[in-house]
Structures are given as structure tokens and as C-alpha cells.
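Coordinate inspection notes
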Protein chains: 2
Amino acid sequence: MASDSQRPKTPSTPRAAQPTAAAATPRKQLMENEVLEHATRLFAERGFSGTSLQDIATSMGLKRPALYYYFKSKDELLDRLIVEGVNGPAHELAAIAKRSDLGPAERLHAITRQNVKWVLTHTDLFLLLVKSESELSPASAKKFNAGRRDAADMVAAVIEEGVAAGELRPVNTRVAALSVFGISNWTAWWFQPGGDSIDSVADQVADMALASLQQSDLAERQAMSPRRAIAALRQDLDRLEQTLGQDRSS
Amino acid sequence: MASDSQRPKTPSTPRAAQPTAAAATPRKQLMENEVLEHATRLFAERGFSGTSLQDIATSMGLKRPALYYYFKSKDELLDRLIVEGVNGPAHELAAIAKRSDLGPAERLHAITRQNVKWVLTHTDLFLLLVKSESELSPASAKKFNAGRRDAADMVAAVIEEGVAAGELRPVNTRVAALSVFGISNWTAWWFQPGGDSIDSVADQVADMALASLQQSDLAERQAMSPRRAIAALRQDLDRLEQTLGQDRSS
DNA sequence: CCTACCGATCGGTAGG
DNA sequence: CCTACCGATCGGTAGG
């Protein structure tokens, strides 16, 4: 076997610092990730069809055929990215939806917040997904659509629960859920790294999403039991007392 | 001058049924629009780079070079569509923003409603704009960005006014305005012609957009004058009376 | 609005 | 990971 001067020799004892099988081919894995990152950025900017493998190779200082050492085809490259984009946010959102320590309104807020944060920390991948949806392989398109549907169903279920609990307004849950995704996802098009932080934007957008569906005090009072109406009156009196307390002459 | 057998002769009296100069070349104009429509649909589906002139020609039953009888280049075709997409909704939105018969909250609702209706009646053109932004000529990109900025500024100004009037919550007006566009624009990705009507969806989304920024009764009461606090108390009493009236035994 | 043609570039492969 | 090459397709033009 000819020695490869480019590749540093690994220690002769195979068990040294290799906890997983994935670490067996570190060099190739590293380059693979490098290709994926460059491809994500370029596909997001110019679209899948608008980006040639030549573009990707040039951006990495490689010749185009070198990419075939890591990927079978341009389509496989895209499919790899799609899987990443579909599976990435799903688990975190599902985990929030299941939390029993939060009411439905609180979960809706947390989900929106998390969704915005994911979009803004994976903007290239997100824009790539949205722009290249029509160019996916049939298998990837199926996964992509299933992931989108599951996410919408999950949010719709939380909203449904919130409506039943009287925390949210009675609405078309499908329209409401998709609108929550709309307000979240659109951040990808306008967020500027120089201005508000990702956390700040996520908070503001989550506040708006929750407020857009929250039961107003007025509507709540209109459907109120006598006992709760009296409690509300007491609150109003407290508030009035406070207001007058600030200006005793009135 | 050689006569053109393809073009039907116009009546010798030039004032007959020709109100505008645009009607002078009806045949070519008609075909031009036909090309634009097919191009819009295909560009929206597969993107600008993902659609060849061959695709467009085939979809119209023409050979590819025939398209050059109507357009100088593929880029000119795109630019023509961009202008349509940028100028289309701008006037209507600006008109609503200026209406003095409506309060700022009402104007925000009307603007959102109109925006959703435009997106859902021009979905192909809208998706084309969003997907092909990076492939625009420098001149078109400039117009496109200016149009987007103007629209956001206009909505931000209405929101600012609503905050000053106490109708809307104090928020970052830029984030709020862009979020209103987010909830509106995203309808392009999920609206299904079979379900709720465009008007119904536009109403629901506008309700959510307004609610997302509307001053809650609670916050309003907290900043209330004694006179208004007493009025609110009276309303609460009315409501309590009504509730008890439905069940005199309690 | 067509046929015939152009150079450039595309994704992908052979062979090392 | 490179050089050299493949057929296919791209946008655009000549000439009618």
C-alpha cells in the first residue's frame, strides 16, 4: 500500500480517541460538511437551478469533478440538505407542544419563539427549502410535505386546546396555525444581523403571534360567570383606587 | 408601404372604437400578454433559472425562437413581470393608508385585508418575485427593494399612529410592520382554492394581524383616567346584571 | 413565426 | 482530488 503524505497517520492503537464509528473517516466527513455548507449558502442565494456545481467548487477552491468524490450527483446533494432541514426543527417543536407544565397559550408562545430562533439560526437552509421545493426528488418532496403538515397539525392542536380552555379566541385552527408560521417564517426575509438580536426578534414575534389569538378581556368578560364578574369588578375598583391615590385632590 | 395580411385592417376612420393608442396593435399585444402569463406561472413553479424558454414555448405550442418576436431576451421577460409585481399592489395600499375616515387600527386591518387579497389573486406573480429576487437585473432589483421598503414604511407609519392614539400596543414599528407582511404573504404558500374563500381568509388574517398589535383592554384600563375607569365599571355592572338576568335564581 | 445554426455551459464519467 | 472528455441543453441569432 502506498503511503499518503497528505494524510497524517492515525495512532496504531485503533481505540485511541475514537468513541464513535463516525470518527473513523474524519477527513472525508469534514470535507463533506464543508461542501454542504457552501452548497446551502449558494442554493439559498441563487436557487438550486441557478447554482452550478462549478459555482460550489469554485467557492471552495476545488475543481468541479472533485465534488463527485463526496456526492453521487447534484440531486443527492440537495436531498441531503432537505433531510437536515425537515428533521432539524421538528423534535424541538414537538417537545414544547407536549410540555404539561405550560398552558396552551404559553406553549403557543414558546413554539413561536423557538420557530423564529430556528429560522434565524438556519436562514440559508430555510430559504433553500422554500425556494427549491419544486426541484426536490419525489422521495424528498414527500418527506418535506409530511414534515410541514405535521408541524402545522401540531400547532393547530395546541391552538385548539387553547380555544377549549378559553385562553384563545375561537378561530379556524388551520388558518391560525399557518398564520403563526407565516409571521415566524417571514423573519428570514427581513432579519438584519446588525439590528435587534435574534432573541429579541423572537420575543417580539412570539408576543404578536400569541396576542393575535389571545382571548380579549372584553370577550372573556362577556362570557363570564357571576362569581368571576364580581372578581373582575373588584379588580377594576382596585385599579380606580390606585389611580385616584396618585392624585388625591380629584 | 407593404400591406400586412396577418393584421386585420382597421376602419379608415381612425376615431372608430379606438379610445387609446394601446389598441393600435391588438394582435401582438394579446400574444405578449399570453407569453407573460405562461412565463409567470412557470417561473413561479420552477424558478427563473429552472425554467427554459423552451418550457415556455412548448407550453404555448410554439417553437422557442418565436418568443424573440415578442421579447429581446429572457431577462427582459423577467423584468417586465417584476415591474408589474412591484407597481400592482402599491397604489391600493397607499390609498388605504391615507383614508381619513378610518382610525389607524381600522386602516391597519384594511391594509392587511387588501394585501392578502392581492397575494391570493396574484399568487404566481408574488411567488415569482420572492423566488427570483436574486436573479433580477440591477435596475429591477433596485425598483423591487424600493417598493418593498416603501410598503413597509407605510405600514410602520400607520402602526406608529395607532400607538400614539392608544389604539395599538407600544412596539418596535419596523418589526411589527414586517410581521404584518409575514402573516399576509405566507398565505401564498398554504391557500387552497378548494377551502375557505379568498375573502374569508383575508378577513381572518386581517383580524389576527390587528389583534396581534391591538391594545388589550387590561392595559388600556391600567392607564385609564378616573372618569373612564368609572365608565368601565358601569359597563362591567351592566354585563353582570345581564348575566344574572339570564338566571334569576342565583 | 419557422428552420437551422452558434458558442457557452450544464451535469456527469473515465482514468489515473 | 486532477485532466480530459462526453452528450444534452442553454440563451440567442441569421435569414427568411
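All values reported here derive from a predicted model rather than from experimental measurement. (Residues numbered from 1 in each chain as written. Chains lettered and ligands numbered in written order. Predicted model: local features only at pLDDT ≥ 70, side-chain atom pairs only at ≥ 80, totals over all residues. Heavy atoms only, no water.)

Notes on the overall build of chain A
- Scanning chain A for helices and strands turns up 11 helices and zero strands.
- What you see in chain A, going N to C, is helices and strands ordered as α-α-α-α-α-α-α-α-α-α-α.
- Taken over 250 residues, chain A has a buried fraction of 43%.
- In chain A, the share of contacts with a sequence separation of at least 24, taken over all contacts with a separation of at least 6, comes to 67%.
- Entry remark: accessible area of chain A is about 13,800 Å², with carbon and sulfur atoms responsible for 52%. (Helix = DSSP H or I, 4+ residues; strand = E, 2+ residues; numbered from the N terminus. Buried < 20%, exposed > 50% of the residue type's maximum accessible area, 1.4 Å probe, protein only. Contact = heavy atoms within 4.5 Å. Areas by Shrake-Rupley, 256 points an atom, 1.4 Å probe, with all protein chains shown as cover.)

Quick notes on the nonpolar core
- A:Trp189 and B:Trp189 are the most contacted members of the largest nonpolar core, which has 128 residues in total.
- For A:Trp189, the residues in contact, after removing those within four places along its chain, are A:Phe126, A:Leu127, A:Val130, B:Val130, B:Glu133, B:Arg148, B:Trp186 and B:Trp189. (Core = buried A, V, L, I, M, F, W, Y, C linked by side-chain atoms within 4.5 Å.)

Some words on the protein's contact with DNA strand D
- Neighbouring DNA strand D are 14 residues, the closest being A:Met31, A:Ala66, A:Tyr70, B:Arg64 and B:Lys74.
- Atoms of DNA strand D within 4 Å of the protein: sugar and phosphate make up 56%, bases the balance.
- Here A:Lys63 contributes a backbone N or O atom positioned 3.1 Å from a phosphate oxygen of DNA strand D.
- B:Arg64 has a polar side-chain atom sitting 2.3 Å from a base oxygen of DNA strand D.
- Within the surface near DNA strand D, the residues separate by chemical class into eight nonpolar, three polar and three charged. (Near = heavy atom within 4 Å. Polar contact = N/O pair within 3.5 Å; in protein donor to acceptor, adjacent residues only side chain to side chain. Nonpolar A, V, L, I, M, F, W, Y, C, P; charged D, E, K, R; others polar.)

A few points about the domain arrangement of chain A
Residues and elements named next belong to chain A.
- Taken as a whole, chain A is organised into domain 1 (25-72) and domain 2 (85-243).
- Contacts between domain 1 and domain 2 engage seven residues on the former and seven residues on the latter.
- Carbon and sulfur atoms make up 59% of the surface buried where domain 1 meets domain 2, a total of about 600 Å² over both sides.
- Looking at the side of domain 1 facing domain 2, the largest losses of area belong to Thr40, Ala44 and Phe48, adding up to 64% of the total buried there.
- Our count for the domain 1 to domain 2 interface comes out at zero salt bridges.
- Summed over the shared surface of domain 1 and domain 2, the result is two residue pairs in polar contact (both at pLDDT 80 or more).
- Across the side of domain 1 that touches domain 2, the residue classes tally to three nonpolar, two polar and two charged. (Domains from an automatic or database assignment. Buried area = accessible area lost by both parts, 1.4 Å probe. Salt bridge = Lys/Arg side-chain N within 4 Å of Asp/Glu carboxyl O.)

Quick word on the pattern of salt bridges
All names here are of chain A.
- Inspection of the entire model under this criterion finds 14 salt bridges over all chains.
- One salt bridge in this structure joins Arg80 and Glu32, with 3.0 Å as the shortest N-O distance. Highlighted residues: Arg80 in helix α3 (residues 74-98) and Glu32 in helix α1 (residues 26-46), separated in sequence by 48 residues.
- Look at the salt bridges and you will find they share partners, linking Arg113, Lys117, Asp199 and Asp203 into a network.

A few points about the packing of helix α1 (residues 26-46) of chain B against helix α3 (residues 74-98) of chain B
Residue and element names in this part refer to chain B.
- Relative orientation of the contacting elements α1 and α3 amounts to 90 degrees, with a least axis distance of 10 Å. The orientation of α1 relative to α3 falls into the category roughly perpendicular. When α1 is examined against α3, the residues Glu32, Val35, Leu36, Ala39, Thr40 and Phe43 are found in contact with a partner set consisting of Lys74, Leu77, Arg80 and Leu81.
- In the contact of α1 with α3, the residues fall into six nonpolar, one polar and three charged. (Axes fitted to C-alpha atoms, helices over the stretch in contact; angles between N-to-C directions. Parallel < 35°, antiparallel > 145°, perpendicular 65-115°, else oblique.)

Comments concerning empty space enclosed by the protein
- What the rule picks out here adds up to five cavities of 30 Å³ or more.
- The computed volume of the largest cavity comes to approximately 100 Å³.
- Around the largest cavity, the lining comprises 14 residues; the ones closest to its centre are A:Gly47, A:Lys131, A:Glu135, B:Gly47 and B:Glu135.
- Across the lining of the largest cavity, the residue classes break down as two nonpolar, six polar and six charged. (1 Å grid on protein atoms, 1.4 Å probe; cavity = no way out; pocket = protein on both sides within 12 Å on 5 of 7 lines; lining within 4 Å. Points joined across faces, edges and corners; volume = space filled by probe spheres on them.)

Let's talk about the protein's contact with DNA strand C
- Around DNA strand C lies a shell of 14 residues, among which A:Arg64, A:Tyr68, A:Lys74, B:Met31 and B:Tyr70 are the nearest.
- Here the atoms of DNA strand C within 4 Å of the protein split so that 56% fall in sugar or phosphate, with bases taking the remainder.
- Contacts to DNA strand C include A:Arg64, whose side-chain N or O atom sits 2.3 Å from a base oxygen.
- With respect to DNA strand C, the side chain of B:Tyr70 contributes an N or O atom lying 2.4 Å from a phosphate oxygen.
- Residues belonging to the surface near DNA strand C are distributed by class as follows: eight nonpolar, three polar and three charged.

Topic: α1(B)
Residues and elements named next belong to chain B.
- With 21 residues, α1 should reach 30 Å at 1.5 Å per residue; the first-to-last C-alpha distance of 30 Å fits that figure.
- Of the residues making up α1, those classed as buried are Glu32, Val35, Leu36, His38, Ala39, Thr40, Leu42, Phe43 and Ala44.
- Check the buried side of α1 and you find it contacts α2 (53-60), α3 and α5 (123-131). (Expected span 1.5 Å × (residues − 1).)

Section: the packing of helix α4 (residues 104-121) of chain A against helix α9 (residues 198-213) of chain A
Residue and element names in this part refer to chain A.
- Viewed as axis vectors pointing N to C, α4 and α9 meet at an angle of 140 degrees, and their least axial separation amounts to 8 Å. Judged on the interaxial angle alone, α9 and α4 are oblique. Seen from above, α4 lies across α9 with right-handed handedness. In this structure, α4 contributes Ala105, Leu108, His109, Thr112, Arg113, Val116, Lys117, Leu120 and Thr121 to the contact, and α9 contributes Ile198, Asp199, Val201, Ala202, Asp203, Val205, Ala206, Asp207, Ala209, Leu210 and Leu213.
- Its residues assigned to classes, the contact of α4 with α9 shows 12 nonpolar, three polar and five charged. (Left-handed = near helix turned anticlockwise from the far one by under 90°.)

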